[in-house]
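Residue-level listing of the chains:
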Amino acid sequence: MQQPAIGTRTRTLGILNQYHLSAKKSLGQNFLDDLQVLEGIVNAADVTDQDDVVEIGPGIGALTEQLAQRAHQVLAFEIDQNLIPVLAETLADYQNVTIINQDFLQANVPAILQHELDGQHQLKAVANLPYYITKPILMNFLKGAVRFETIVLMMQKEVANRLVAQPNSHDYGALSVMTQYLYRVEIALEVNKHSFIPAPKVDSAVVKLTPQGERPEAAYSQTAFFSFVHGCFMHRRKTLWNNLQSIFDKQPATKTTMQQVLATVGIAPSVRPQALGVEQFITLTNEFHKVGLLQ
Ligand code: SAM
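Residues numbered from 1 in each chain as written. Predicted model: local features only at pLDDT ≥ 70, side-chain atom pairs only at ≥ 80, totals over all residues. Heavy atoms only, no water.

Brief notes about the site of the ligand
For step 1, the next point in the chain: In the vicinity of the ligand there are 23 residues, among which Leu32, Gly57, Glu78, Asp103 and Asn128 approach most closely.
For step 2, the next point in the chain: With respect to the ligand, the backbone of Gly59 contributes an N or O atom lying 3.3 Å from an oxygen atom.
For step 3, the next point in the chain: With respect to the ligand, the side chain of Tyr132 contributes an N or O atom lying 2.9 Å from a nitrogen atom.
For step 4, the next point in the chain: Here the ligand has 600 Å² of accessible area as a free molecule, and 99% of this is covered by the chains.
For step 5, the next point in the chain: Of the residues contributing to the shell around the ligand, the split by class is twelve nonpolar, seven polar and four charged. (Near = heavy atom within 4 Å. Polar contact = N/O pair within 3.5 Å; in protein donor to acceptor, adjacent residues only side chain to side chain. Areas by Shrake-Rupley, 256 points an atom, 1.4 Å probe, with all protein chains shown as cover. Nonpolar A, V, L, I, M, F, W, Y, C, P; charged D, E, K, R; others polar.)

Here we look at the UniProt feature "domain: Ribosomal RNA adenine methylase transferase N-terminal" (unreviewed entry) in the chain
For step 1, the next point in the chain: If you check UniProt for "domain: Ribosomal RNA adenine methylase transferase N-terminal" (unreviewed entry), the listed places come out as residues 37–213 in our numbering.
For step 2, the next point in the chain: Across residues 37–213, helical content stands at 33% and strand content at 27%; the span's end C-alpha atoms are separated by 29 Å. (UniProt positions renumbered as here; feature names shortened; annotations may be inferred. Helix = DSSP H or I, 4+ residues; strand = E, 2+ residues; numbered from the N terminus.)

Details of the pairing of strand 5 (residues 122–128)
For step 1, the next point in the chain: In terms of burial, strand 5 is a largely internal element, six of the seven residues being buried.
For step 2, the next point in the chain: Inspection of the sheet shows strand 2 (residues 51–56) paired to strand 5 by six bridges, in the parallel sense. Bridge assignment links Val54 to a residue of strand 5, and that residue is Ala125.
For step 3, the next point in the chain: Where strand 5 and strand 6 (residues 150–156) come together, five bridges link them in parallel fashion. If you follow Lys124 over to strand 6, its bridge partner there is Thr150.
For step 4, the next point in the chain: Tracing the backbone out of strand 5, into helix 6 (residues 134–143) and back to the parallel element strand 6 gives a crossover that is right-handed. (Buried < 20%, exposed > 50% of the residue type's maximum accessible area, 1.4 Å probe, protein only. Pairing = 2+ DSSP bridges. Right-handed = clockwise from strand over helix to strand, strands pointing away.)

Set out below in structure tokens:
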């Protein structure tokens, strides 16, 4: 007899019961048991049989199952050893799923992808993230060596709001600038906490990241750009000038060069960092590089 989908409440509760599993808070285990939300995530990523999908944290397999029904291949990284035999049974019908029992942040992802996938399909990343490491995983995607066609991630709504935030808004900061430098960002779905077992404390949202096309002006170095942007937002309430003094130094010659750069690009020293758009941060990075203040 055909079983109901893993992501239905009855089946999820049945699996947790059968394997005597209780969600580990320390690993951010909040299992999705809402089929509509699961379908919403897969639709946001527009998964087809032309795609290989990397998933972080399959849990008991609710999202993995939905992905496997549409994708060519699913490669899922699960840190919790106890879930590996569970996944072997819940996903036994899907020959296109490979589970890697490793910490996604420690794994050599490019090498594993090269070993496990045929390299002939588009790469997408889809996950219901463990919330205790949302930021390191995001940074991993931003700095990462692997280029994904689309990245769709469920995260805390508060972090999602920061990713899509525009200049002069409360949520706009270094994470918004770094993410929007590389990706077009949209909130695909807002998700109520009651769509999970156990319910997390906060509401969630599904964010879709699509690589930006080529920019008219790119930063001379992504690493320098990220670190410069981070420095500019170190003290949000202070002016750009104050933050620049912390990034560089307070020597008179440096100050003169800083003033000249700001005058050249037409940015007042008195602005707050949150008033600047992504392009202005790119221009500033490149100009400070030209005058030798950024290496
Ligand atoms: N995908 C499942 C779902 O939607 O129901 C479970 C999502 S749950 C929010 C997060 C999952 O990530 C858990 O299964 C947890 O064990 C796993 N996890 C936590 N930290 C991880 C890490 N560093 N690397 C890989 N998986 C991790």
